[in-house]
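Working through the structure, step by step
Single-letter residue listing:
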Amino acid sequence: MITANRLRTFTEQIFIAIGCSETDARLAADVLVSADLRGVDSHGVARLPGYVRLYDIGRLNPQPHIKVVHETPSTAVVDGDRGLGLVVGPWAMKVAIEKARIAGTGWVAVRNSNHFGIAGYHALLAAEQDMIGQAMTHAAPLVAPTFSLDKLLGTNPIAVAIPAATEPTFLADFASTAVAYGKLEILQRKGQDIPLGWAQNADGQPTTDANAIRNGGALLPLGTDREHGSHKGYGLGAVVDIFSGVLSGANYGPWVPPFATAGFMQANEGVGIGTGHFFGAMRIDAFRPAGEFKIHMDTWIQRFRQAKAVEGQRVLIPGDPEREMEAERLATGIPVVEPVIKSLNELGERFGVTL
């Protein structure tokens, strides 16, 4: 168990060691540790060695010149200059927020970026400003569309954050696949099998092998198979890929460059520039008075909380499990498994930083 502050300080020092400014390092560390606090361990400090490897192979620019390369009053395209997606993402969302202040809504497509952490972090930036925030990103091709043996899409998450008055912010943050690849990495480190429905093997058959993707298999879309609605997960992932890649000018589909932790994959860029994201901010008072809306959001949330639940369960609002986990981990610390501790200690030894 390690405190959030200790993890944050260590992570910040590593980012500074590879050349990031103190401001960028602090922001990047906050994005990663926020994932661990919320229980999304697959996107937290376990990813830190991957960002360092991106730097080592020249795909990560620690001091990017992030800029708007095209815009209208309500839209923009941002070039991340190969910067940390953990930094490029908040920068682009702030552009969307400022456009929404003027035009009512703001929409920003990003190219030439890298892995941006958890989508929910970016969506919440807009919710803090009495706006509805949306964030999505595509990722390395680990996912086979329905009936496909080829891996053509990423886990391609979507997050939507909606503020309320007295109730916590509604935050839906989910991959368009049955599970994020990071969950397989966690089970790989523990030497455990995965549940059926997460992945298929190289022949397209269901598998429990946590290493199936490394051996020619693929992650499955949300729904797992056609009978359970995998075509809908495939459709969601495709929309995210088109918004993040085709619309922004980034790579897309099978050409999205892999994150460095996917060492079994080769970068196959060629149709665009780097990795892409897509952000949206919608000013609530562009539709109705914000205070009135948030009171009705309270009513919506409270009614769903009162829903009769199956025995031994309760109806949750999107964002509840993560908020509860955050409160627990702020109090007791963040559990970090031994393989992650080992990899972080190796980084510490390399850069002279003590975990």
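So, here's what we can say about the structure. (Residues numbered from 1 in each chain as written. Predicted model: local features only at pLDDT ≥ 70, side-chain atom pairs only at ≥ 80, totals over all residues. Heavy atoms only, no water.)

Structural notes on the pattern of salt bridges
Heads up, the rule is: Salt bridges are defined by distance alone: a side-chain nitrogen of Lys or Arg within 4 Å of a carboxyl oxygen of Asp or Glu. The helix count covers DSSP runs of H or I at least four residues long, the strand count covers runs of E at least two residues long, and both are numbered beginning at the N terminus.
In total, this model carries 16 salt bridges according to the counting rule given. Residue Lys 99 is joined to Glu 71 by a salt bridge in which the shortest nitrogen-to-oxygen separation is 2.8 Å. Taken together, the positions of Lys 99 in helix 4 (residues 85–103) and Glu 71 in strand 1 (residues 67–71) put the pair 28 residues apart, joining distant regions of the chain. The network of salt bridges with common partners includes Glu 167, Arg 305, Asp 320 and Arg 323.

Digging into the sheet that holds strand 8 (residues 206–207)
Picture the strands of a sheet paired through backbone hydrogen bonds; they go either parallel or antiparallel. Defined as follows: Strands pair, by our definition, only if DSSP identifies at least two bridges between them.
If you walk across this open sheet you meet the 3 strands as 8-7-9, and the pairing is antiparallel. In the strand order of this sheet, the two ends are held by strand 8 and strand 9 (218–219), each with one partner. Summarising the sheet, strand 7 (residues 199–200) and strand 8 pair through 2 bridges and their orientation is antiparallel. Considered in strand 8, the bridge of Gln 200 is made with Pro 206.

Concerning the packing of aromatic side chains
Worth spelling out the cut-off: Here is the rule: rings of Phe, Tyr and Trp (six-membered ring for Trp) pair when centre to centre is within 6.5 Å. Planes less than 30 degrees apart are stacked, more than 60 are edge-to-face, and the remainder are tilted. Exposed residues in this analysis have more than 50% of their type's maximum accessible area, buried residues have under 20%, and partly exposed residues fall in between, with area computed by a 1.4 Å probe over protein chains only.
Across all of its chains, the model carries 8 aromatic pairs by this definition. Between Phe 116 and Phe 279, the aromatic rings sit 5.9 Å apart at their centres with planes inclined by 45°, giving tilted as the arrangement. In this pair, Phe 116 is assigned in the loop between strand 3 (105–113) and helix 5 (119–127) and Phe 279 in strand 10 (residues 275–283), connecting sequence segments 163 residues apart. For the pair formed by Phe 116 and Phe 279, the shared burial category is buried. An angle of 20° between the planes, with centres 3.9 Å apart, marks the rings of Trp 300 and Phe 304 as stacked. Placement of both Trp 300 and Phe 304 in helix 8 (residues 290–305) is noted, with a separation of 4 residues, approximately one turn of the helix. Each residue in the set Phe 15, Tyr 51 and Phe 259 is aromatic and connected to the rest through ring pairs, giving one cluster.

Quick word on the packing of helix 3 (residues 48–56) against helix 10 (residues 338–351)
Stated formally: For every element, the axis is a line fit to its C-alpha atoms; helices are fit only across the contacting stretch, and the angle between N-to-C directions ranges from 0 to 180 degrees. The cut-offs work like this: below 35 degrees is roughly parallel, past 145 is roughly antiparallel, 65 to 115 is roughly perpendicular, and the gaps in between are oblique. Contacts are assigned to residue pairs with any non-hydrogen atoms lying within 4.5 Å of each other. Following the grouping adopted for this structure description, the nonpolar residues are Ala, Val, Leu, Ile, Met, Phe, Trp, Tyr, Cys and Pro, the charged ones are Asp, Glu, Lys and Arg, and the polar ones are all others, Gly among them.
As a packed pair, helix 3 and helix 10 sit with axes 9 Å apart at the nearest point and diverge in direction by 45°. Judged on the interaxial angle alone, helix 10 and helix 3 are oblique. When helix 3 is examined against helix 10, the residues Leu 48, Pro 49, Val 52 and Asp 56 are found in contact with a partner set consisting of Ser 343, Leu 344, Leu 347, Arg 350 and Phe 351. Looking at side-chain class alone, the contact of helix 3 with helix 10 contains 6 nonpolar, 1 polar and 2 charged residues.

What about the layout of surface pockets?
Short version of the rule: Buried and open spaces are told apart on a 1 Å grid over the protein atoms alone, a cavity being a set of points where a 1.4 Å probe fits but cannot get out and a pocket being an open set with protein on both sides within 12 Å along at least five of seven lines. Residues with an atom within 4 Å of a point are the lining residues. Grid points are joined across faces, edges and corners, and a volume is the space filled by probe spheres set on the points.
Considered as a void within the structure, the largest pocket measures approximately 570 Å³ in volume. If you trace the largest pocket, you find 25 residues lining it, with Val 40, Asp 173, Phe 174, Ala 175 and Glu 322 closest to the centre. For the lining of the largest pocket, the secondary structure elements donating two or more residues are strand 6 (170–174) and helix 9 (320–332). Top element by residues in the lining of the largest pocket is strand 6. It accounts for 4 residues.

Regarding empty space enclosed by the protein
Enumeration over the complete set of coordinates arrives at 2 cavities of 30 Å³ or more. Here the largest cavity is characterised by a volume of approximately 320 Å³. Along the wall of the largest cavity there are 25 residues; nearest its centre are Arg 47, His 115, Ala 139, Ala 140 and Phe 259. Classifying every residue of the lining of the largest cavity gives 13 nonpolar, 10 polar and 2 charged. Put simply, the second largest cavity is a space of about 40 Å³. Along its surface, the second largest cavity is lined by Val 143, Ala 144, Pro 145, Leu 153, Gly 154, Ser 176, Thr 177, Pro 221, Gly 233, Tyr 234 and Gly 237. Counted by class, the lining of the second largest cavity contains 6 nonpolar, 5 polar and no charged residues.

Considering the environment of Ala 135
As for its placement among the helices and strands, Ala 135 is situated in strand 4 (residues 131–137). With a relative accessible area of 0%, Ala 135 lands in the buried category. Distance from Ala 135 to Gly 89, taken between C-alpha atoms, is 8.8 Å for residues 46 residues apart in sequence. Sequence-distant contacts of Ala 135, that is, excluding residues within four places in its chain, are made with Ala 119, His 122, Ala 123, Pro 157, Ile 158, Ala 159, Phe 278 and Phe 279.

Regarding the side chain of Ser 113
Among the secondary structure elements, Ser 113 is positioned in strand 3. According to the relative accessible area criterion, Ser 113 is buried, its value standing at 3%. Those residues in contact with Ser 113 that lie beyond four places of it in its chain are Gly 83, Gly 85, Val 88, Gly 274, Thr 275 and His 277.

Topic: helix 5
Burial of helix 5 is extensive: 8 of the 9 residues sit out of reach of the surface. Along helix 5, the residues classified as buried are Ala 119, Gly 120, Tyr 121, His 122, Ala 123, Leu 125, Ala 126 and Ala 127. Elements in contact with the buried residues of helix 5: helix 2 (22–37), helix 4, strand 4, strand 5 (158–162), strand 6 and strand 10.

Some thoughts on the nonpolar core
Taken as a class, soluble globular proteins show a tendency for nonpolar side chains to be buried jointly. Stated precisely, the cut-off is as follows: The term nonpolar core refers to a set of buried residues drawn from Ala, Val, Leu, Ile, Met, Phe, Trp, Tyr and Cys, joined through side-chain atoms within 4.5 Å.
Leu 7, Phe 15, Leu 48, Tyr 51, Leu 84, Leu 86 and Val 108 are the most contacted members of the largest nonpolar core, which has 60 residues in total. By residue number, the principal contributor to this core is helix 4, which donates 9 residues. Here Leu 7 is in contact with Ile 2, Val 33, Val 45, Ile 334, Val 336, Leu 344 and Leu 355, once residues within four sequence places are set aside.

Concerning the environment of Arg 283
Operational definition: Each polar contact in these results corresponds to two N or O atoms within 3.5 Å; when the atoms are within protein, one needs to be able to donate a hydrogen and the other to accept it, and residues that are neighboring in sequence are counted only if both atoms are side-chain atoms.
In this structure, Arg 283 sits in strand 10. According to the relative accessible area criterion, Arg 283 is partly exposed, its value standing at 24%. Sequence spacing of Arg 283 and Glu 128 is 155 residues, and the spatial spacing of their C-alpha atoms is 11 Å. Apart from residues no more than four positions distant in its own chain, Arg 283 is found in contact with Ala 100, Arg 101, Ile 102, Gly 104, Asp 130 and Met 131. A distance of 2.6 Å separates a polar atom in the side chain of Arg 283 from the backbone oxygen of Arg 101. Looking at Arg 283, its side chain comes within polar contact range of the side chain of Asp 285, at 2.5 Å.

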